[in-house]
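Below are the chains, spelled out letter by letter.
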Amino acid sequence: MKRQDLRRVWPRAGRVVAIMVLAGAMAATGVVTRTGEASAEPVAAFYTPPERIPQEPGAIIKTAPMTLFMTPPTEQGWPGKAQHVMYTSRLQDGSPVAVSGTYLEPTGPWQGAGPRPTVVIGPGTSGQGDRCAMSMAFSTGLAVSVEQLGISANQELPSSVVWSGLGARVLVTDYVGLGTPGIHTYANRFESGHAILDGVRAANNLGGVGPETPVVLWGYSQGGGATAAAAEMKPSYAPELNLKGTWAGGPVADLTAILEKIDGALIGGAIGFAVNGMLARYPELQRAVDRVLSPSGRAMLDTLSDACIADIITRHPFLRTETLTRDGRPLSAHLAELPEATPVLAELRIGNSAPAAPVLITSGRNDDTVPYGQARRLAEDWCAKGATVTFRTNELPPILPGTTIPNHFGPEIIDGFGPDNAFTYLLDRLADKPVSGCSID
């Protein structure tokens, strides 16, 4: 694809983001109609799966039309048709589970090289409550909860606008347990990887295309960990898929390093998402953590299980886990010592097997939320196993350390949308431009 063609799509993402707040405010009382009137449509009812679901991973359970109320990014209108989608995926133990998401079927031609691809986007951290599901915020840009007095933004609006504007079919997964029943298993590499790869299967089913369709994966932060997990499990879990490349930006790859780094940061409460997710899948760890948590600490984990990332920033900023334990030591320190936690954290670390398709990993050297060292280690682990990896260091200097937004989200904008970005890397993979070996800067 010509670079000038790609640049024509870029400004649309910024224009759409600029109106997210307005659109979300309009949606505060319900679903907004084109005339500005609120509808009482029970969107949340979609997220309840039927009593029996198809067993095959990627099977479509149900769909529902989704109107995109955002200002159209082109003069001709939004370049895709949106649907709520529910599809079958797998839990860590292999049992089937319903996962929701958003599907965008393009209406314009594919502007890149080769056949029209399928792009699956793994969202960044949105929270652990059902209302934090990305698809709930997709129609208007913001989901506003009057009952909880909270909001949740569609963080993946810019990336979905660009990919859809380029003519790709796009699926944005909600992951396991966001919107749908059950706990969201935050940063669980098995379930997030399954949700991504089964999202590819679901998107191909909806698009009426076969497994030979070229595929790329896109994700940053929690999404970067999810796409990284999917990339390394693809050869065994979804060998039929034609994966061309992956962006794993600022990947949540090693919870041991991340729990220590994020403790006390602006979004330190996200530790609760990770701990709640681990406790749901490892009962033996539940008993061990219960021994060190104070009653108020247990109550805080329960509160965080229904919180969105905006709730953490506005209600529980700079949370320190020493306030959650009986002895006043950080919960992250206890997890580093508990014998029940060691095998869990090791099993959830990404980097155990080599991806078969090229991967771009990016990370900010001064990232104050998802540490640089564990992202670089992921690249080194994969390189040692013979994978094709490009690792790029973002040198954005420290800006208000511990506040997350400058030094975690700053590299996302630069690496995802700036010069020589993740889009151009993945478009080159779709064009079958050769890349091999490892490059670590």
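Once a new chain begins, its residue numbering starts again from 1 and follows that chain's sequence as written. Only residues with pLDDT of at least 70 are given local features in this predicted model, and only at 80 or more are side-chain atom pairs given and counted; all residues enter the totals for whole chains, interfaces and linings. Think of the side-chain values as coming from all heavy atoms in the structure, minus any hydrogens and water.

> Please provide a residue-by-residue account of the packing of helix H4 (residues 189-207) against helix H5 (residues 222-237), values included.
Across the interface, H4 lies against H5 with an axial gap of 8 Å and an inter-helix angle of 70°. The angle between H4 and H5 falls in the class roughly perpendicular. Of H5, the residues touching H4 (which contributes Arg 189, Phe 190, Ser 192, Gly 193, His 194, Ile 196, Leu 197, Asp 198 and Arg 201) are Ala 226, Thr 227, Ala 229, Ala 230, Glu 232, Met 233, Lys 234 and Tyr 237. Residues belonging to the contact of H4 with H5 are distributed by class as follows: eight nonpolar, four polar and five charged. Each axis is a line fitted through C-alpha atoms, and for a helix only the stretch in contact is used; angles between axes span 0 to 180 degrees, taken between their N-to-C directions. Helix and strand assignments come from DSSP, with helices taken as H or I runs of at least 4 residues and strands as E runs of at least 2, each series counted from the N terminus. Angle categories: roughly parallel below 35 degrees, roughly antiparallel above 145, roughly perpendicular from 65 to 115, and oblique for all the rest. Contacts are residue-level and defined by heavy atoms, with any inter-residue pair within 4.5 Å sufficient. Here the nonpolar group is Ala, Val, Leu, Ile, Met, Phe, Trp, Tyr, Cys and Pro; Asp, Glu, Lys and Arg are the charged ones; every other residue, Gly included, is treated as polar.

> Mind laying out the pairing of strand S9 (residues 169-173), listing which residues take part and the relevant values?
Among the five residues in S9, five count as buried, and that is most of the element. Relative accessibility under 20% of the residue-type maximum defines a buried residue, over 50% an exposed one, and the middle range a partly exposed one, all with a 1.4 Å probe and only protein chains included. With burial as the criterion, each face of S9 is covered, one bearing Arg 169, Leu 171 and Thr 173 and the other bearing Val 170 and Val 172. Two strands make a pair as long as DSSP finds a minimum of two bridges between them. As judged from the four bridges shared by strand S5 (residues 96-106) and S9, these two strands associate in the antiparallel manner. Directly across from Thr 102, in S9, lies its bridge partner Val 172. Looking at chain direction, strand S6 (residues 118-122) and S9 are connected through four bridges and run parallel. Note on S9: the bridge partner recorded for Val 120 is Leu 171.

> Explain the state of the cysteines to me, and be specific about the residues and the numbers.
In this description, a disulfide is simply a cysteine sulfur pair whose atoms lie within 2.5 Å. Applying the stated criterion across every chain, the model contains two disulfides. Put simply, Cys 132 and Cys 308 are joined by a disulfide, and their sulfur atoms are 2.1 Å apart. The chirality of the disulfide connecting Cys 132 with Cys 308 is left-handed, given an S-S dihedral of about -100°. With a gap of 176 residues between them, Cys 132 in the loop between S6 and strand S7 (142-145) and Cys 308 in the loop between helix H9 (295-304) and helix H10 (309-315) connect regions that are remote in the sequence. Judged by relative accessible area, Cys 132 falls into the buried class, the value being 0%. The class of Cys 308 is buried, set by a relative accessible area of 1%.

> Residues and numbers for the pairing of strand S10 (residues 214-220), please.
As a general feature of sheets, a regular strand has side chains that alternate between the two faces. Where burial is concerned, most of S10 is hidden: seven out of the seven residues are buried. Judged by which residues are buried, S10 turns out to be covered on both faces: Pro 214, Val 216, Trp 218 and Tyr 220 on one side and Val 215, Leu 217 and Gly 219 on the other are all buried. Pairing analysis gives five bridges linking S6 to S10, with the strands arranged parallel. By the bridge assignment for S10, Gly 122 is matched with Gly 219. Strand direction decides the pairing type here: S10 and strand S11 (residues 242-249), joined by seven bridges, are parallel. The residue of S11 that forms the bridge with Gly 219 is Ala 248. The crossover handedness rule: strands pointing away from the viewer, path from first strand over the helix to second strand clockwise, crossover right-handed. For the segment spanning S10, H5 and S11, crossover handedness is right-handed.

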